[in-house]
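Here are the chains, one letter per residue:
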Amino acid sequence: MRAARSSKLRDAAFRIALLTCIGISLLLLGILLVDVVRDGIGQLSFDFLNRFSSINAKRSGIEAALMGTLWLMAVCAGFIVPIGVATAVYLEEYADNGRWWNRLIEVNIQNLAAVPSIVYGILGLAFLVRGPLSLGNVVLAGGLTLGLLVLPVVIISGREAIRAVPSSIREGSLALGATRWQTIWRQVLPASIPGIATGVILALSRAIGETAPLIVVGAATFIAFNPSGLDSQFTALPIQIFDWISRPSNDINNYKPLAAGGILVLMILLLAMNSIAIWLRNRYEQKW
Amino acid sequence: MGASAPLKRRITGAKAPAVEGAPTERGERGEAIFGLRDVTVKYIGVPAVRGIGFDITENEITALIGPSGCGKSTLIRCLNRMNDLIPGATVEGTVLYHGQDLYAANVDAVEVRKRIGMVFQKPNPFPKSIYDNIAFGPRVLGMKGDMDEIVERALTRGALWDEVKDRLKSSAFGMSGGQQQRLCIARCLAVEPDVILMDEPCSALDPISTGRIEDLMLELKELYSIVIVTHNMQQAARVSDRTAFFTVELDKGEQHRTGQMVEFDETDKIFTNPSDSRTEAYVTGRVG
């Protein structure tokens, strides 16, 4: 009986310890949210979205940063979807795991997912902005750098989505006289699109908040025009926020609320993207 | 596509060459559609089934029976080259289809599977509508003609048309297991094969669905040749014309268990008056 009571006590203590840990992380998140919302909610308006950055805090807005971020995301998506899906298809459907080079590719993709983002920034600077491609500090270079950064995420989630398609579907298709490519294109990929799309959105939601690589590839901190194309200079939301926070504020020009407003916009975008990913996953999840 | 000669179907007079050890022809026996000559299948060098030789006759139902692990599923997968898909699987000996070696260098496995359809153990409908499940094969093979007619004809032959004609656009996953398996049979019929291979097609079904599929098989043998692997001896006795009995034995001095064919004969004879004592023990239920 005593043993039973003490183990019951230990059980309860463990439970409380776990709940405390959850409580601490939720509390911190809550404080952060409340703080940002309190500072930034007053900024959210149509004008805030529709104005360029300015020395005058009262006339500042995030239009250039928002448009820059949207451009970056478009370039990034256009890069990671075909390359990521093709890589995932190769690794899952064609690669023979008995060959050392395929295992090498696999290990390296997993390693790439863990490389700090600043390293990708340096890579982008050396190969895209300057060096062989010499694109300059433009939208294309920024988007591709972010694409390289999140490509492993797309490949890994794409592989999981493709692996989730049971082999009986492939066998059924091949047994009808379909070629391997027809089987992949008409059966495997359509069945794995929800999983792939979820992975792509989650990858983009990681890319949208990245600051360090964009600083390295030379995103402008102060810009008063929207990107006009792939070869245009740009800024992005995290860069703009960083700029506002690092500026000295005074009674006349207080940039801190602008930064909070920018964070709110970024967070709303992020939450929207993640919600779409969750919705996609639940709506189209295939029960085999 | 590669340099693959299309598999030409020999029309008349092309009897498979008789080989020593092959069973002798019986009275009114039709033309041999498959001829197996000393077939051995190995997985990564380990034989799963060894030294198989018999003929499969056109417009008959040929049953392969035997205990688990005796290699009957492995053997049936040689007949449409599905074993090609398993890394490390090799086929030795000769598999003749209308007198032509299925494993000759100029034979394309995709061509083979167009003519030799397969139904699997677990119903494996594609995650598409009933209509698209049937239409998939004809579409990838580029078959000419009105797709609605092709679908209706296949579903009618598969004894499914009356049950599903009002919900062709609904998902195949909404059907019962037995209906799904008949859909898989109909899907296979849609590409107008010559032979239908069935790998334990009823093992996941209830007795009533099993009965419907057996009735269907008896109807289909007028038009097609059928090879069926079954664990269910009563099923073999009910539907098949000829039966091959397999057993599994430990290799001499080795660790591996290899399947072998004990006896191949008319089904009546196998079940009432088998020539081998092992067959008798199995069909009377004393072992297995």
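Residues numbered from 1 in each chain as written. Chains lettered and ligands numbered in written order. Predicted model: local features only at pLDDT ≥ 70, side-chain atom pairs only at ≥ 80, totals over all residues.

As for the overall build of chain B
For chain B, the helix and strand inventory stands at 10 helices and 10 strands. Counting across all 288 residues of chain B, residues that qualify as buried make up 45%. Sequence separation of at least 24 residues holds for 71% of the intrachain contacts in chain B that already meet a minimum separation of 6. (Helix = DSSP H or I, 4+ residues; strand = E, 2+ residues; numbered from the N terminus. Buried ≥ 20, exposed ≤ 12 C-beta atoms within 10 Å, placed from the backbone. Contact = placed C-beta atoms within 7 Å.)

As for the overall build of chain A
Across its full length, chain A holds 11 helices and zero strands. Ordered by position from the N terminus, the helices and strands of chain A form the series α-α-α-α-α-α-α-α-α-α-α. Across its three principal directions, the C-alpha atoms of chain A cover 75 × 75 × 35 Å. For chain A, buried positions account for 39% of its 288 residues. Residue pairs at least 24 apart in sequence account for 76% of intrachain contacts in chain A once pairs closer than 6 positions are excluded.

Notes on helix 3 (residues 63-94) of chain A
Since there are 3.6 residues in each turn of an α-helix, residues three or four apart along the chain are aligned in direction. Under the 1.5 Å per step criterion, the end-to-end length of helix 3 of chain A is 45 Å for 32 residues, consistent within 8% with the ideal 46 Å. The sharpest bend along helix 3 of chain A comes to roughly 25°, located at Ile80(A), with the proline Pro82(A) sitting one to four residues further on. (Expected span 1.5 Å × (residues − 1). Bend = angle between axes of the 7 residues up to and from the residue.)

With respect to the domain arrangement of chain A
Accessible area lost upon the coming together of the parts serves often as the stated size of an interface. Residues and elements named next belong to chain A. For chain A, the assigned domains read domain 1 (2-42) and domain 2 (48-284). Once you take the C-alpha centre of each, domain 1 and domain 2 turn out to be 33 Å apart. With six residues of domain 1 at the interface, the matching set in domain 2 holds six residues. Here the residues of the side of domain 1 that touches domain 2 are counted per class, giving three nonpolar, two polar and one charged. (Domains from an automatic or database assignment. Nonpolar A, V, L, I, M, F, W, Y, C, P; charged D, E, K, R; others polar.)

A closer look at the nonpolar core
Judged by nonpolar contacts, the single largest core of 85 residues is most densely connected at Phe34(B), Leu64(B), Val95(B), Ala186(B), Cys188(B), Leu197(B) and Val227(B). Looking at this core, the element that brings in the most residues is helix 6 (residues 177-190) of chain B, giving seven residues. Apart from the residues within four sequence positions on either side, Phe34(B) is in contact with Asp55(B), Ile56(B), Leu79(B), Val95(B), Leu96(B) and Tyr97(B). Among the nonpolar cores identified, the runner-up in size contains 68 residues, and Phe79(A), Leu135(A), Leu140(A) and Ala220(A) belong to it. (Core = buried A, V, L, I, M, F, W, Y, C linked by C-beta atoms within 7 Å.)

Notes on the environment of Ala197(A)
All names here are of chain A. Checked against the element boundaries, Ala197 lands in helix 8 (residues 180-207). For Ala197, a count of 19 C-beta atoms within 10 Å translates into the label partly exposed. Sequence spacing of Ala197 and Val154 is 43 residues, and the spatial spacing of their C-alpha atoms is 9.0 Å.

Quick look at the interface of chain B and chain A
At the interface, 21 residues of chain B touch 16 residues of chain A. At the level of secondary structure, the elements contributing two or more residues to the side of chain B that touches chain A comprise helix 2 (109-115), strand 6 (116-119), helix 3 (130-140) and helix 6 of chain B. Grouping the constituent residues of the side of chain B that touches chain A by class yields 13 nonpolar, four polar and four charged.

Observations concerning the packing of helix 7 (residues 167-175) of chain A against helix 8 of chain A
All names here are of chain A. Closest axis-to-axis distance for the helix 7/helix 8 pair is 10 Å, and the angle between their directions is 155°. It follows from the interaxial angle that helix 7 and helix 8 lie roughly antiparallel. The chirality of how helix 7 crosses helix 8 is right-handed. Of the residues in helix 8, those touching helix 7 at Ile169, Arg170, Ser173 and Leu174 are Thr183, Gln187, Val188 and Ala191. Of the residues in the contact of helix 7 with helix 8, the class split is four nonpolar, three polar and one charged. (Axes fitted to C-alpha atoms, helices over the stretch in contact; angles between N-to-C directions. Parallel < 35°, antiparallel > 145°, perpendicular 65-115°, else oblique. Left-handed = near helix turned anticlockwise from the far one by under 90°.)

Description of the pairing of strand 2 (residues 46-57) of chain B
Residue and element names in this part refer to chain B. Where strand 1 (residues 32-43) lies against strand 2, eight bridges are found, and the strand directions are antiparallel. Note that in strand 2 the partner of Leu36 across the bridge is Phe54. If you look at the hairpin formed by strand 1 and strand 2, you'll find two residues sitting between the two strands, and Ile44 has a positive phi there, around 50°. (Pairing = 2+ DSSP bridges.)

Concerning the pairing of strand 1 of chain B
For strand 1 of chain B and strand 4 (residues 89-97) of chain B, the ladder comprises eight bridges, and the chain directions are antiparallel. Note on strand 4 of chain B: the bridge partner recorded for Gly35(B) is Leu96(B).

A word on the packing of helix 3 of chain A against helix 6 (residues 139-163) of chain A
All names here are of chain A. At a closest axis distance of 6 Å, the pairing of helix 3 and helix 6 adopts a crossing angle of 35°. Helix-helix and strand crossings are classified by hand; for helix 3 and helix 6 the assignment is right-handed. Of the residues in the contact of helix 3 with helix 6, the class split is 20 nonpolar, six polar and three charged.

A few points about unusual backbone geometry
All names here are of chain B. Residues other than glycine seldom take positive phi values, yet Asn59 does so here, at roughly 55°. Note on placement: Asn59 falls in the loop between strand 2 and strand 3 (61-65). Residue Asn59 is classed as partly exposed on the basis of its 15 C-beta neighbours within 10 Å. The backbone phi angle of Glu200 is positive, close to 50°, even though this residue is not glycine. Within the element layout of this structure, Glu200 appears in the loop between strand 7 (195-199) and helix 7 (207-220).

Brief notes about the confidence of the model for chain B
Residues and elements named next belong to chain B. On average, residues of chain B score 87 in pLDDT, and 89% of them reach the 70 mark or higher. Below pLDDT 50 for its whole length, residues 1-6 participates in seven contacts with residues either more than four positions away or in separate chains. Within the model, pLDDT remains below 50 along residues 8-27, and this stretch shows 22 contacts once partners closer than five positions in the same chain are excluded. As scored by the predictor, the complex reaches a pTM of 0.82 and an ipTM of 0.85. (pLDDT = per-residue confidence, 0-100.)

Some thoughts on helix 6 of chain A
All names here are of chain A. Between its terminal C-alpha atoms helix 6 stretches 34 Å, which fits the 36 Å expected from 25 residues at 1.5 Å a residue. Along helix 6, the sharpest kink reaches roughly 45°, centred on Val150 and followed within four residues by the proline Pro152. Along helix 6, 23 of the 25 residues are buried, which leaves the element largely enclosed by surrounding structure.

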